[in-house]
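Structural characterization, general
Read off the chains here:
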Amino acid sequence: MGLGTVLYNWDLRRATLRLEADGVGATAEVIGVGPDDVSADGCSRMIWIRVRVSGAEFPVFEASCPMPYGVAEATAGAEIKAVVDPGGKTFRLL
């Protein structure tokens, strides 16, 4: 395993722990859907969605993220519960 992979995973883990400790409830509204893509391992079909994330303790922001292809939440106008780190724009869809 290369040093870049180790550092990337370390940063990702740190962000996840911060999100679990300090995360606040939010709503992510799907404002765009597509294109679809195949996962890096070639085993899963994914679709990219664009969301507008809002909540009481942070400014509204937009972001893109992948979802499994065919998931009902991956339609424009859908609202998905989320958790957001109020100190940044790290979020997780629930």
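Given the structure is predicted, the values throughout are model-derived calculations rather than measurements. (Residues numbered from 1 in each chain as written. Predicted model: local features only at pLDDT ≥ 70, side-chain atom pairs only at ≥ 80, totals over all residues. Heavy atoms only, no water.)

Moving on to the nonpolar core. Counting residues in each nonpolar core, the largest one holds 19 residues, and the members touching the most others are Ile49, Val51, Val53, Phe58, Phe61, Val84 and Phe91. Those elements that place two or more of their residues in this core are β1 (24–38), β2 (45–55), β3 (58–68) and β4 (79–84). The element that contributes the greatest number of residues to this core is β3, accounting for 5 residues. Filtering out sequence-adjacent residues up to four positions away, valine 84 remains in contact with Leu19, Asp22, Gly23, Val24, Ala26, Val53, Phe58, Phe61, Thr90 and Phe91. (Core = buried A, V, L, I, M, F, W, Y, C linked by side-chain atoms within 4.5 Å. Buried < 20%, exposed > 50% of the residue type's maximum accessible area, 1.4 Å probe, protein only. Helix = DSSP H or I, 4+ residues; strand = E, 2+ residues; numbered from the N terminus. Contact = heavy atoms within 4.5 Å.)

Here the focus is the confidence of the model for the chain. Looking at the chain as a whole, the pLDDT averages 87, with 99% of positions reaching at least 70. Put simply, helix α1 (residues 3–22) is where the chain has its lowest mean pLDDT, 85, and β4 is where it has its highest, 94. (pLDDT = per-residue confidence, 0-100.)

Okay, the environment of threonine 5 next. Structurally, threonine 5 is set in helix α1. Residue classification places threonine 5 among the partly exposed positions, given a relative accessible area of 38%. Along the sequence, threonine 5 and serine 64 sit 59 residues apart, while their C-alpha atoms lie 22 Å from each other.

Turning to the pairing of β3, a few remarks are in order. Here 9 bridges tie β2 to β3, and the two strands are oriented antiparallel to one another. Following the sheet pairing, glycine 55 is matched in β3 by phenylalanine 58. (Pairing = 2+ DSSP bridges.)

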